[in-house]
Amino acid sequence: MKRHIIAAVLVGAGILVAFPLFSMTYYTMVRTSTPEFCASCHEIKPAVMAWRASTHTNNAVGVVVDCMDCHLPAPHRTFDFFFSKTYHGAKDVVKHFLIDEYDREKNRQAAYASFTNEECQKCHRSLLTMPHNRGAMRAHRSVLYARAGYEKKCIDCHYDLVHDDKAQVMFRQYRKTPYQAKGLRVERLEMQRPQPAKGV
Amino acid sequence: MRKMPFAVCLGASLLMIGGSAVAQQPNFPKVKEYRIERNIPPEAQACIECHRAATPGIFADWAKSRHANANITCLDCHLVQPGDVDIAKGHEKYYGRSDLPYGESRYKVPIASIVTPKDCSRCHPDETTQYSRSKHANTLEIIWKLDPWLNKGMNSDNERKTGCFNCHGTVIAIDAKGSIDPTTWPNAGVGRLNLDGSKGSCTSCHTRHRFSVAEARMPEACDQCHLGPDHPQIEIYEESKHGTMYHAYKDEYNFNAAGGTWTAGIDYRAPTCAGCHMSGSGKVFTTHDVTERLSWETQAPLTVRPQDFKPFPAQTDWQTERGKMRDVCRQCHGDSWIDDFYAGFDKAVEEYNEVYFKPAKAMLDELYAKGLLDKTKFFDERLEVEFYELWHHEGRRARMGAMMMAPDYAWWHGFYEVKFRFANFMEESRHLIETGQKAYVAKDFPNATGNTERPKEVFPE
């Protein structure tokens, strides 16, 4: 009898402690996951402005792709997701006080380096079944079923898409010229290039 | 009542005759038809309709291509984004011309004349990646690191445009008016440096607007550049058994086999250039790096392994690559045949290096060291020309002739000439050393006016 009371007290205390802790964590996660929160750092603000004017926000189907949808690991990698989010949050605060100037281009390249196709393919999954839109079917196949040594990232061809500064808001449905990827980034091709011997 | 349909018919046929006369060009007795039956953007339809009238040759080429088959239109390659530097500004005026079909502003899209490997990579990324590793793509960098004509300014800029850069490629530039600089264009050189930073031109081998795989499989695709006294690969091929069999049997060749299926002994009897250097064969995969399967640099002054070629060390291992080439040979030849062939080739390379090149190079260095030859320029002293021709002309013919089994090039155009060149070079050099007399320096070397500055686009740092 006594043991049951102890167990009940412990469970009750656990709930009393854990529930507020859990809700606060959840609340914090939700509050810190919005583009508005990201834009509260002045370093990130231009990126958010550019994103707001991009086709990832303005399109005929009304889909809005938030910062975290691309910039954090896919949620099914739950541990990575929470770890990355916490790590980046803490790092950004420290960096904010440590560095003089935010190098947007450097950070752009770092973001490209950290992206995997999983983030893009949360939404862009049906790449080969667009009968009205056959462009790049070969290229998409070569990404989905890559030969060893020829693995590619989505962003190798689709870059400067969201965070390029625009003079006006882009609406996907009102594009003047059809969208096309830019082709393999030259930097990526340069990586294939042998390094010349010194002194030649 | 009964006459009405006749009148309508007559009227309609008169209209048709009138209409087709506009589109018809004298050297195309029947215009290639094109009915828009599949989904393409209206802007692309405008390109096609206008260009089949304005440039029927381009249209007919495209219409016969696999691109047309796959519904890939002008726009898929030529479209650029507003604000790009290479927008063809002159092209926009056509959208205001009411005499042209589809000459309306609603079809206006920004386009570029030059299509680059980067554009092709939108659909062919792996081919582009392979190509970007090749010496083809990087040939401008290589020649600027090695070549005395460029580095010492021994020829003129126009001699380079019409000669060197026609094959090696120009550095495409935009002039003050915003159009493509005419000294850099037209050009389809394999190492052309494009405005988007990509290197080369896929249309060197897959000429526009057919972009045919069959064409690139034929030796004729290579012979615009790979000929002549300094690297007569096509003449060597013609003389080889492969070449003679190709000419005898090419009518039976199935050049249009799907990529990755072109099979030695079935689709072709003897290989073409591509058959050995590029196409998949046996277990060896196709590559667009034409220099991948090499095991010797037979064009270099001293023959070295591709990974040791200093201006552009290949990221390959020569033994692996020789293994691949042997697998290609094995589609038609037995192992002992291949072994014995390579023994002869390796021996030719060794003899060229040790017996001819190294002693000649040592002698040249000695002459420079003793001040008997002047180092400020090249080609302005006879011995420099002799030395150049020893490796750049006859020495290459000897090695390449041995490699591709053309006896006349290996011997009469090759080692035979190397031998006498060497003997004369040594005789004249010794004469200078014995007498201490300085070599005659040409006082009137003609047209040595070319720019000696390395293009910063090729050497950014």
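Residues numbered from 1 in each chain as written. Chains lettered and ligands numbered in written order. Predicted model: local features only at pLDDT ≥ 70, side-chain atom pairs only at ≥ 80, totals over all residues. Heavy atoms only, no water.

As for the interface of chain A and chain B
Where interface size is quoted, it is often the accessible area lost as the parts come together.
Item 1. With 30 residues of chain A in contact, the opposing surface of chain B contributes 37 residues.
Item 2. Interface area, chain A with chain B, both sides summed: about 3000 Å², of which 55% is carbon and sulfur.
Item 3. Linking Glu127(B) and Arg138(A) is a salt bridge whose minimum nitrogen-to-oxygen distance equals 3.1 Å.
Item 4. Taken together, the links from chain A to chain B amount to nine residue pairs in polar contact (both at pLDDT 80 or more).
Item 5. The class makeup of the residues in the side of chain A that touches chain B is 13 nonpolar, seven polar and ten charged. (Contact = heavy atoms within 4.5 Å. Buried area = accessible area lost by both parts, 1.4 Å probe. Salt bridge = Lys/Arg side-chain N within 4 Å of Asp/Glu carboxyl O. Polar contact = N/O pair within 3.5 Å; in protein donor to acceptor, adjacent residues only side chain to side chain. Nonpolar A, V, L, I, M, F, W, Y, C, P; charged D, E, K, R; others polar.)

Topic: the packing of helix H15 (residues 318-329) of chain B against helix H16 (residues 335-369) of chain B
Residue and element names in this part refer to chain B.
Item 1. One way to put it is that H15 packs onto H16 with a least axis distance of 10 Å and a crossing angle of 130°. Of the possible angle classes, the one that applies to H15 and H16 is oblique. In terms of crossing hand, the pair formed by H15 and H16 is right-handed. The segment H15 lies against H16, with Arg 322, Met 325, Arg 326 and Cys 329 engaging Asp 335, Ile 338, Asp 339, Tyr 342, Phe 345 and Asp 346.
Item 2. In terms of residue class, the contact of H15 with H16 is built from five nonpolar, no polar and five charged. (Axes fitted to C-alpha atoms, helices over the stretch in contact; angles between N-to-C directions. Helix = DSSP H or I, 4+ residues; strand = E, 2+ residues; numbered from the N terminus. Parallel < 35°, antiparallel > 145°, perpendicular 65-115°, else oblique. Left-handed = near helix turned anticlockwise from the far one by under 90°.)

Observations concerning a nonpolar patch on the surface
Residue and element names in this part refer to chain A.
Item 1. There is a patch of nonpolar side chains on the surface, built from Val 94, Leu 98, Ile 99 and Tyr 102 and spanning about 360 Å² of accessible area.
Item 2. With respect to the helices and strands, the residue Val 94 is situated in helix H5 (residues 78-98).
Item 3. For Val 94, a relative accessible area of 48% corresponds to the partly exposed category. (Patch = residues over 30% accessible without salt bridge, like charges linked within 9 Å, V, L, I, M, F, W, Y side chains within 5 Å. Areas by Shrake-Rupley, 256 points an atom, 1.4 Å probe, with all protein chains shown as cover. Buried < 20%, exposed > 50% of the residue type's maximum accessible area, 1.4 Å probe, protein only.)

Describing the pattern of salt bridges
Residue and element names in this part refer to chain B.
Item 1. According to the stated counting rule, one finds 35 salt bridges over all chains in the structure shown.
Item 2. Here Glu 49 ties to Arg 52 by a salt bridge, and the two come within 3.3 Å at their closest N and O atoms. Within this pair, Glu 49 and its partner Arg 52 are both found in helix H2 (residues 42-54), separated by three residues, close to a single helical turn. Accessibility assignment for this pair places Glu 49 and Arg 52 in one class, buried.
Item 3. One continuous salt-bridge network, built from bridges that share partners, spans Glu 386, Glu 389, Glu 394, Arg 397, Glu 417 and Arg 421.

Regarding the side chain of Ser279(B)
Residues and elements named next belong to chain B.
Item 1. Relative to the assigned elements, Ser 279 resides in the loop between helix H14 (273-277) and H15.
Item 2. Ser 279 sits in the buried class, given a relative accessible area of 8%.
Item 3. Those residues in contact with Ser 279 that lie beyond four places of it in its chain are Trp 262, Ala 274, Thr 286 and Arg 293.

Describing helix H10 (residues 157-168) of chain B
All names here are of chain B.
Item 1. Relative to the 16 Å expected for twelve residues at 1.5 Å per residue, H10 spans just 14 Å between its end C-alpha atoms, considerably shorter than the ideal helical length.
Item 2. Structurally, H10 contributes buried residues whose contacts are with helix H8 (139-146) and helix H9 (148-151).
Item 3. Immediately downstream of H10, the backbone of Gly 169 shows phi near 105°, a positive value. (Expected span 1.5 Å × (residues − 1).)

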